[in-house]
Amino acid sequence: MFQWLAKWTEQWSGWISDSDLERSLRAHLSGRGYYGDSAKFLAFRLVAIQRPGWLQVFSYCVETRVARGEHSAEPQADRELVKLFGLVRQDERYRRCDIEIFRNASERYALYNRWTEDLIRLRSPNL
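In this report, we go over the structure that sits alongside the text.

How each quantity is defined
Residues numbered from 1 in each chain as written. Predicted model: local features only at pLDDT ≥ 70, side-chain atom pairs only at ≥ 80, totals over all residues. Heavy atoms only, no water. Pairing = 2+ DSSP bridges. Helix = DSSP H or I, 4+ residues; strand = E, 2+ residues; numbered from the N terminus. Contact = heavy atoms within 4.5 Å. Salt bridge = Lys/Arg side-chain N within 4 Å of Asp/Glu carboxyl O. Buried < 20%, exposed > 50% of the residue type's maximum accessible area, 1.4 Å probe, protein only.

**Examining the sheet that holds strand E2 (residues 55–65)**
Read across the sheet, five strands follow the order E4-E3-E2-E1-E5 without closing on themselves; strand pairing throughout is antiparallel. The sheet is open, and its two borders are formed by strand E4 (96–102) and strand E5 (120–121), each paired with just one other strand. The pairing of E2 with strand E3 (residues 81–91) spans eleven bridges and is classified as antiparallel. Bridging from a neighbouring strand, valine 57 pairs with arginine 89 of E3.

**Details of unusual backbone geometry**
Arginine 51 connects to proline 52 through a cis peptide bond whose omega is 5°. Topologically, proline 52 is positioned in the loop between strand E1 (40–50) and E2. With phi around 50°, arginine 95 is a residue other than glycine that occupies positive phi space. When you line up the elements, arginine 95 lands in the loop between E3 and E4.

**Concerning the pairing of E1**
One ladder, built from nine bridges, connects E1 with E2; its direction is antiparallel. Within the sheet, the bridge partner assigned to glutamine 50 lies in E2 and is leucine 55. As paired strands, E1 and E5 are joined by two bridges and run antiparallel to one another. Bridge pairing in E5 places isoleucine 49 opposite isoleucine 120.

**Topic: the environment of leucine 81**
Mapped onto the fold, leucine 81 is located in strand E3. Taking the C-alpha atoms as reference, leucine 81 lies 6.4 Å from glutamate 63; in sequence the two are 18 residues apart. In contact with leucine 81, not counting residues within four places along its chain, are Glu63, Thr64 and Arg65.

**Concerning the pattern of salt bridges**
Under the definition given, this model contains five salt bridges. A salt bridge links aspartate 91 to arginine 93; its shortest N-O distance comes to 2.8 Å. For aspartate 91, a relative accessible area of 10% puts it in the buried group. We classify arginine 93 as partly exposed; its relative accessible area is 41%. In this structure, the salt-bridge partner of aspartate 98 is arginine 96, at a minimum N-O distance of 3.2 Å. Since its relative accessible area comes to 17%, aspartate 98 is described here as buried. Through salt bridges that share partners, Arg89, Arg96 and Asp98 make up one connected network.

Read these as layout, nothing more, since geometry by itself doesn't imply function.
Structure, rendered in structure tokens:
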């Protein structure tokens, strides 16, 4: 019983519950030169909101591989996992979704401060 529960938990741990947003994130990763379809979401969290809730900012962390061409000078590079940090700003009033990814968390934190300046933030966003 425990093994089944552990396997089920592992299978759904990277699930984002909003399939449209997840597809957008994966497409964005693919467009930036990563394997978006096989990316594993390590964390995805609502970190700020503007009343009445139309504007939301999410923080995420993803593990994926860099997509390389067939004739790449570094054939082993596409097997190496990279950890990426990102933010999503979604405004449902205008059906707008801005997605950004970074190689380090400090760049994400700087954008977080700009994007959430006048929003209701989590006390401890733990970005």
